[in-house]
Amino acid sequence: MPNLKNKQEVTVLLDKVAKAKSIVVTEYPGLKANLSNDLRAKMKELGAEITVAKNTLLKIALKEKGYDTTEIAKDLKGANATLFSYKDPVEAIRGLFEFVK
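Residues numbered from 1 in each chain as written. Predicted model: local features only at pLDDT ≥ 70, side-chain atom pairs only at ≥ 80, totals over all residues. Heavy atoms only, no water.

Enquirer: Would you mind going over the layout of surface pockets in detail, with residue names and values included?
Expert: The gaps of empty space that remain are located by a probe, the size of a water molecule, rolled over the atoms. For the largest pocket, the calculated volume is near 370 Å³. Looking at the largest pocket, it is lined by 19 residues, and the ones nearest its centre are T26, E27, Y28, L31 and L39. The dominant element in the lining of the largest pocket, judged by the number of residues it contributes, is helix α5 (residues 91-100), at five residues. Per-class residue counts for the lining of the largest pocket are 14 nonpolar, three polar and two charged. (1 Å grid on protein atoms, 1.4 Å probe; cavity = no way out; pocket = protein on both sides within 12 Å on 5 of 7 lines; lining within 4 Å. Points joined across faces, edges and corners; volume = space filled by probe spheres on them. Helix = DSSP H or I, 4+ residues; strand = E, 2+ residues; numbered from the N terminus. Nonpolar A, V, L, I, M, F, W, Y, C, P; charged D, E, K, R; others polar.)

Structural data, given as structure tokens:
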């Protein structure tokens, strides 16, 4: 039986998935706290949000919203962050790539 905390997290993720125009999952190990804060601020400017959630809970939310999780399940291993773009589906992805450079 899933615990209450996980159920609440899935509910939050369901809302984010429903509002998102694009979703990107990326690895983030080694990202220092100050860089993580900078990235979150940059994404907020671009109308996006980057969050960290358990891979299993993200898969549940995606599946409940009708996404085929067969392919993504292969890549959802380890520490991942998810970028939800709420305005322009591409602009936040460009911003993420610029940040990585």
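Enquirer: How would you sum up the packing of helix α2 (residues 33-45) against α5? Please name residues and give values.
Expert: Each pair of packed helices can be summarised by the angle the axes make with each other and by the distance between the axes. Where α2 meets α5, the closest approach of the two axes is 10 Å, and the angle between their N-to-C directions is 155°. One element, α2, and the other, α5, form an angle in the roughly antiparallel class. At the point where α2 passes α5, the crossing takes the right-handed sense. Together, L35, D38, L39, K42 and M43 of α2 and A92, G95, L96, E98 and F99 of α5 make up the contact between the two elements. When its residues are assigned to classes, the contact of α2 with α5 shows six nonpolar, one polar and three charged. (Axes fitted to C-alpha atoms, helices over the stretch in contact; angles between N-to-C directions. Parallel < 35°, antiparallel > 145°, perpendicular 65-115°, else oblique. Left-handed = near helix turned anticlockwise from the far one by under 90°. Contact = heavy atoms within 4.5 Å.)

Enquirer: Break down the environment of K32 for me, with residues and values.
Expert: Within the secondary structure layout, K32 lies in the loop between β1 (22-27) and α2. On the basis of relative accessible area, K32 is assigned to the exposed category, the value being 55%. When the C-alpha atoms of K32 and E9 are compared, they prove to be 24 Å apart, with 23 residues separating the residues in sequence. (Buried < 20%, exposed > 50% of the residue type's maximum accessible area, 1.4 Å probe, protein only.)

Enquirer: Go over α2, please, and point to the residues and values.
Expert: The end-to-end C-alpha distance of α2, which contains 13 residues, comes to 19 Å, matching closely the 18 Å that a straight helix rising 1.5 Å per residue would cover. Listing the buried residues of α2 in full gives S36, L39 and M43. Down the axis of α2, the buried set is contained in an arc of 60°. They therefore lie on one face. Counted as exposed and oriented over 90 degrees from the buried face of α2: N34, K44 and E45. (Expected span 1.5 Å × (residues − 1). Arc of directions from axis to C-beta.)

No statement about biological role is implied by the geometric values presented.
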